[in-house]
Structure formats: structure tokens, C-alpha cells
Amino acid sequence: MRTQVGIVGAGPAGLMLSHLLHQRGVDSVVVDLRGRQEIEETIKAGILEQGTVDLLRQTGLGDRMNRDGFVHHGINLAFSGGIHRINLYELTGGRSVMVYAQHEVLIDLIAKRLADGGDLRFGVSDTQVEGLETEQSTIRFTHEGEQQTLECDFVIGADGSRTYSRFLIPEGTIRKDFFRQYPFAWFGILAEAPPSSDELIYAHSERGFVLISTRSPSVQRMYFQCDPATNIDDWPDDRIWEEFDARLSPSGTGVTPGPIFRKDVLQFRSFVCEPMQYGRLFLAGDAAHTVPPTGAKGMNLAIADVHVLDRALGAYYSSKDTGLLDAYTQTALRRIWRGQWFSFWMTSMLHRFSDATDFDLRRQLAELELVTSSPTAAKNLAENYVGLPLT
Ligand code: DHB
């Protein structure tokens, strides 16, 4: 088999790149270890930046999102006895975010790629990439019991945080990894209940952080900060609702409970690998970088990476110009490190650290007070929350 761009990973980065390339007439094949159903059912975050929303709409992926997603013009920060709205829309000159779950975006992407005749291979095994230093790279894999060899001009490593492709870049001599752990995790639930709030609530409390999000008028997504070793079985529904109320009641708010049909523990990590290119290999999305979930930047950064890659590959195929490809790492990293800073900042402003002193607590509250009372500080949060424009 031969294609122009071989893509390892059918997540947001891989599928979106395949879609964007198709629109400019460049062929690709996408392979993934996971089955289609697993990809379409894996629960992740649900906030799309304005730039992501615009790109989905401009490229024919907006129908279901426009119908089922919810545009939010603001978010709330709850702390020390009060709840404060950040007006994203006014502070950013008319930009906002869309609440639309990542797996819904993937359902839309897969349907569109297949409708456009795209070649997606789910459930592959034994993936092996070779020839990255040559003009002709290959991806070998087994699909439906048959060994396949895919020849391609470029290989895209978009295989997520459990990546195989990142390790094709030699560590030490070429690749450097930047890493940070956090001493906490999030306990996430999906519940059948009406929304507890019209807009998201990010809550600081002495018992730890809470996030009230939503999925639809009848399904709510909520999280509370927990120990990374938390066992889901120790948390029956009643205990979960009591914990939300204990953390939210000091700021005069609470949750509307309902049957919980999903519980998970999300680990926290900040990670970046540099460079994101090695020979004919280009990394995109979580294969190259991970953010802690606060602020929901993960998928948005993945989409921004492939927006850059699509243009760079477009320039290569239209005029053999490699300038944008050569600049990929540098261009992508500017936004990625901004996203790292923002996710770290939101995390550290809102979470309870086990070694935090009373001084640290007062300092966090002063920062929240600043962000909710100074239009300049609020604007900084709002601009980064709705996301930088895709350039
Ligand atoms: C969601 C997740 C986030 O990390 C966030 O900051 C906002 C919303 C969500 O899953 O809805």
C-alpha cells in the first residue's frame, strides 16, 4: 500500500489531520490499535475553544455540534464564600467556548472521513515504523489477520499519551522530555440529572477543588479533586453527593443529584517532548504533550498542532517548500507551552496541595480575588480560556 501521509492514531489529532489533508487533496491512511467503538465511547473532556469550533464549522464538521453543543459565554469561579462570573464573551470581544464532548467530535470525524472515502484501519496490531531518515518511510501493521506494509512520504505520530511513536525519536541525543507530576487526581462522574448551574463552576475549597460541568440538559459531568490512589468502589453515590455539597456549600452553591452511571479517576500530568519532528516523523497531540485537565486544553492543543501540520504539508505538496515543515516544532511549541502554563496556573490556583501552608491558602484566595475583580486579570484568564486564535 502507498499513501502520502501515514497517520498512527485515530484520536482528535490523527483524524482531524486526515480530514484537513483530504480537503486539500492530500491522501492519508490512519491506523489505530483500538476499535472504532472504543474510540467513539472513551469519555474525555468537553470544552472546545473558539478556534476549534470555527475550524470544525469551516471544514464541514459543525452540524451535530451546532445542534447538540452548548455555547457558553462565561464561567464561574467559586471561592471563600462567593461565586464570581468571568464574562468570557465581553472580555474577549465576542469569543466563547462550546460544551461538546470529545468523543462526539470523534464520532463526527470518523463519519466524515468514511463518507469522504477515507482509509481508516481500526484494531491493528504490531505497528512498526521504519525508514524515518529516508525519503520512503513505512508503517507495518497487522489488520484483520493480514500483514500490511504502508509506504508513505511522512509519518504522523498521533497515538496519544501511551504513544509508541514518540520513542522513535532518540532520547538524550535528540529528544528531551519535560515532565511534572501532581500530588492529586480528579474523581469524575457522569450523572443523570438536570444542570446544577447554567455555566461551569470552578470551585476552590478547603476540602479541595470541584468542577461542575455539563453534557446535556439531562446528563451532567462533574469532578472533585481526590488522591491519585482513590478506589472508585469506596465512593457510593451518596458519599459523592455529600462531598460535592461539603465543598460547594461554603460558596453558597450546591449540586442537583441524580443516578451516577459512570465514575473514573483522572491522573494529572504535565508533559512536553522536544523536538516534535525527527526525519520524516511529526508528532501531534498527546503523543508529544499532555496537560492536566483544568481548563480542558488537551484536545484543543491537538487540533492546533494539526492545523499547523496541515498547512506545512500543504506547502510541501503544492510547491515542495519545506520551510513550514522545518519550522513545525518551533511553531507548535509556542502554543503548547502557553497551554502548559495556563493549565498549570489554573490547576495551582484552584487545587489544594497536601503540603500547602495557611500562607499558600491565603495567597491562592488573593489570586482568585484578583482574577475576579480586576478586568485586566480577568481578561488574561478569559483570553487563554477561550484560546488563542489559530494562526
Ligand atoms: C470539562 C473538563 C475540564 O477539564 C474543564 O476544565 C472543563 C470541562 C468537562 O469534561 O466538561
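Along each chain, the written sequence defines residue order, and numbers are assigned to residues from 1. Reporting of local features is limited, given that this is a predicted model, to residues whose pLDDT is at least 70; pairs of side-chain atoms are given and counted only at 80 or more, and all residues count toward the totals for whole chains, interfaces and linings. Side-chain measures were taken over the full set of non-hydrogen atoms in the model, leaving aside hydrogen atoms and water.

*Asks:* Any chance you could break down the overall build of the protein for me, citing the residues and the numbers?
*Replies:* Think of it this way: any DSSP run of H or I at least four residues long counts as a helix, any run of E at least two long counts as a strand, and we number them from the N terminus. Looking only at helices and strands, the protein features 12 helices and 20 strands. When we talk radius of gyration, it's over C-alpha atoms, and the globule rule is simply 2.2 Å times the number of residues to the 0.38. In terms of overall dimensions, the protein is globule-like: its C-alpha atoms have a radius of gyration of 21 Å, near the 21 Å expected for 391 residues. Taken along the three principal axes of its C-alpha coordinates, the protein extends 60 × 40 × 40 Å. Throughout, exposure labels follow a simple rule: accessible area from a 1.4 Å probe, protein chains only, divided by the maximum for the residue type, with under 20% read as buried, over 50% as exposed, and the rest as partly exposed. Here the protein holds 391 residues, and the buried ones make up 56% of them. In the protein, 72% of the contacts between residues at least 6 apart in sequence involve partners at least 24 apart. We call two residues in contact whenever any of their non-hydrogen atoms come within 4.5 Å of each other.

*Asks:* Summarise the site of the ligand; cite the residues concerned and give the values.
*Replies:* If even one non-hydrogen atom of a residue comes within 4 Å of a molecule or strand, that residue is called near it. Residues in contact with the ligand amount to 15 residues; listed here are only the nearest, Tyr-202, Ser-213, Arg-215, Tyr-223 and Pro-293. N or O atoms within 3.5 Å of each other form a polar contact, as long as, within protein, one can give a hydrogen and the other can take it, and as long as residues adjacent in sequence are counted only when both atoms are side-chain atoms. Between an oxygen atom of the ligand and a main-chain N or O atom of Gly-46, the distance comes to 3.4 Å. One of the side-chain nitrogen or oxygen atoms of Ser-213 is found 2.6 Å away from an oxygen atom of the ligand. Partitioned by chemical class, the residues of the shell around the ligand number nine nonpolar, four polar and two charged. Composition of the shell around the ligand by domain shows at least three residues from each of domain 1 (5-46 + 101-175 + 275-346) and domain 2 (182-268 + 352-386). Gly is placed with the polar residues, together with every amino acid not listed as nonpolar (Ala, Val, Leu, Ile, Met, Phe, Trp, Tyr, Cys and Pro) or charged (Asp, Glu, Lys and Arg). For each domain, the first and last residues come from an automatic or database assignment.

*Asks:* So, the packing of aromatic side chains: which residues are in play, and what are the values?
*Replies:* Given two aromatic rings, one states the distance between the centres and the angle between the planes to describe the pair. Centre distance within 6.5 Å is the pairing criterion for rings of Phe, Tyr and Trp, where only the six-membered ring of Trp is used; planes under 30 degrees apart are then read as stacked, over 60 as edge-to-face, and the remainder as tilted. This model, assessed by the stated rule, comprises 26 aromatic pairs. Considering the side-chain rings of Trp-186 and Tyr-223, the 4.6 Å spacing of their centres and the 40° angle between planes classify their relative orientation as tilted. Linking Trp-186 in strand β13 (residues 176-192) with Tyr-223 in strand β16 (residues 219-226), this pair joins segments that are 37 residues apart in sequence. Residue classification places Trp-186 among the buried positions, given a relative accessible area of 2%. Residues Trp-186 and Phe-268 carry aromatic rings whose centres are separated by 5.5 Å and whose planes lie at 65° to one another, so their mutual orientation is edge-to-face. With Trp-186 in strand β13 and Phe-268 in strand β17 (residues 260-274), the pair connects residues that are 82 residues apart, well separated along the chain. Each member of the pair, Trp-186 together with Phe-268, is buried. It is Lys-176 that lies over the ring of Phe-178; its NZ or CZ is 4.8 Å from the centre. Put simply, a charge is over a ring when the Lys NZ or the Arg CZ is close to the ring centre, within 6 Å, and near the line of the ring normal, within 35 degrees. Of note, Arg-280 hangs over the ring of Phe-154, and the distance from its end group to the ring centre comes to 4.9 Å.

*Asks:* Can you lay out the domain arrangement of the protein for me, pointing to particular residues and giving the numbers?
*Replies:* Along its sequence, the protein is organised into domain 1 (5-46 + 101-175 + 275-346) and domain 2 (182-268 + 352-386). A separation of 31 Å is found between the C-alpha centroids of domain 1 and domain 2. Counting residues at the interface gives 16 residues for domain 1, matched by 17 residues for domain 2. Together, the buried faces of domain 1 and domain 2 total about 1,400 Å²; carbon and sulfur atoms form 65% of this surface. The term buried area denotes the loss of accessible surface (1.4 Å probe radius) that occurs when two parts are joined, taken as the sum for both partners. Contact with domain 2 buries surface across domain 1, with Ile-43, Pro-293 and Trp-345 losing the most and accounting together for 38% of the total. Here domain 1 and domain 2 share five residue pairs in polar contact (both at pLDDT 80 or more) between them. For the side of domain 1 that touches domain 2, a count of residues per class yields 10 nonpolar, three polar and three charged.

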